[in-house]
Amino acid sequence: MGGWLQKVNKALTPKLTNQLTKPQQKRNAPIQGKKAANLPPATIIYGIGAGLLFVHSLSLMARGIWFSGIVVLLLGGVLTGFALHHLKHQD
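Residues numbered from 1 in each chain as written. Predicted model: local features only at pLDDT ≥ 70, side-chain atom pairs only at ≥ 80, totals over all residues. Heavy atoms only, no water.

Description of the overall build of the protein
Argument step 1. Along its length, the protein carries five helices and zero strands.
Argument step 2. For the protein, the N- to C-terminal ordering of α and β elements is α-α-α-α-α.
Argument step 3. For the protein, the proportion of its 91 residues judged to be buried stands at 12%.
Argument step 4. Within the protein, counting contacts between residues at least 6 apart in sequence, those at least 24 apart form 51% of the total.
Argument step 5. For the protein, the exposed area adds up to about 7,700 Å²; of that, 69% sits on carbon and sulfur atoms. (Helix = DSSP H or I, 4+ residues; strand = E, 2+ residues; numbered from the N terminus. Buried < 20%, exposed > 50% of the residue type's maximum accessible area, 1.4 Å probe, protein only. Contact = heavy atoms within 4.5 Å. Areas by Shrake-Rupley, 256 points an atom, 1.4 Å probe, with all protein chains shown as cover.)

Here it is in C-alpha cells:
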C-alpha cells in the first residue's frame, strides 16, 4: 500500500506532459528574470500603498474604529485597482 500515490503520479506525469502542445508549453513556462523586472513604477508604488492601507485598515478595525477602517479599506481597494490597471495597460 505504501507509495501508491507516487506510482500513480509517475504513471500520469508523462501522459499529461505529452498532451501539451508547443504553444501551451511556452505559455506555461516560468517567467524569466528580465521579463519580471518590467513592472511599471506606478504599479509598484500603488501596490505598496495599497498594502499599507490594507494593514492600517485592519489595525483600525481591530481597535474598534469601524467606519474609518472601512473607508481606508475602500481606498486600498481603489489603489489596488489602479495598480492592476497600470499592470494591464503598460506603455
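Anyway, onward from the coordinates.
Structural notes on the packing of aromatic side chains
Argument step 1. According to the stated counting rule, one finds one aromatic pair in the structure shown.
Argument step 2. Considering the side-chain rings of Tyr-46 and Phe-82, the 5.7 Å spacing of their centres and the 40 degrees angle between planes classify their relative orientation as tilted. One end of the pair, Tyr-46, is in helix α4 (residues 41-62); the other, Phe-82, is in helix α5 (residues 66-88), and 36 residues separate them in sequence.
Argument step 3. According to the relative accessible area criterion, Tyr-46 is partly exposed, its value standing at 28%.
Argument step 4. Classification of Phe-82 by relative accessible area gives partly exposed; the value is 41%. (Phe/Tyr/Trp six-rings, centres within 6.5 Å; stacked < 30°, edge-to-face > 60°.)

Notes on the side chain of Thr-43
Argument step 1. Relative to the elements of secondary structure, Thr-43 occurs in helix α4.
Argument step 2. For Thr-43, the contacting residues outside a window of four places in its chain are Ala-83, His-86 and Leu-87.

Notes on the packing of α4 against α5
Two quantities define a packed helix pair, namely the angle between the helix axes and the distance between the axes.
Argument step 1. One can describe the packing of α4 onto α5 by two numbers: an axis separation of 8 Å at closest approach and a directional angle of 165 degrees. Here α4 is positioned roughly antiparallel relative to α5, judged by the angle of their axes. Between α4 and α5 lies a crossing of left-handed hand.
Argument step 2. Residue composition of the contact of α4 with α5, grouped by class: 16 nonpolar, eleven polar and no charged. (Axes fitted to C-alpha atoms, helices over the stretch in contact; angles between N-to-C directions. Parallel < 35°, antiparallel > 145°, perpendicular 65-115°, else oblique. Left-handed = near helix turned anticlockwise from the far one by under 90°. Nonpolar A, V, L, I, M, F, W, Y, C, P; charged D, E, K, R; others polar.)

So, the side chain of Ser-57
Argument step 1. Mapped onto the elements of the fold, Ser-57 is located in helix α4.
Argument step 2. Judged by relative accessible area, which is 0%, Ser-57 ranks as buried.
Argument step 3. Of the polar contacts made by the side chain of Ser-57, one reaches the backbone oxygen of Phe-54; its length is 2.8 Å.
Argument step 4. Residues within four places of Ser-57 in sequence aside, it is in contact with Gly-69, Val-72 and Leu-73. (Polar contact = N/O pair within 3.5 Å; in protein donor to acceptor, adjacent residues only side chain to side chain.)

Structural notes on the environment of Ala-42
Argument step 1. Inspection of the secondary structure puts Ala-42 in helix α4.
Argument step 2. For Ala-42, a relative accessible area of 23% gives the class partly exposed.
Argument step 3. The sequence separation of Ala-42 and Gln-90 amounts to 48 residues, and the corresponding C-alpha distance is 9.9 Å.

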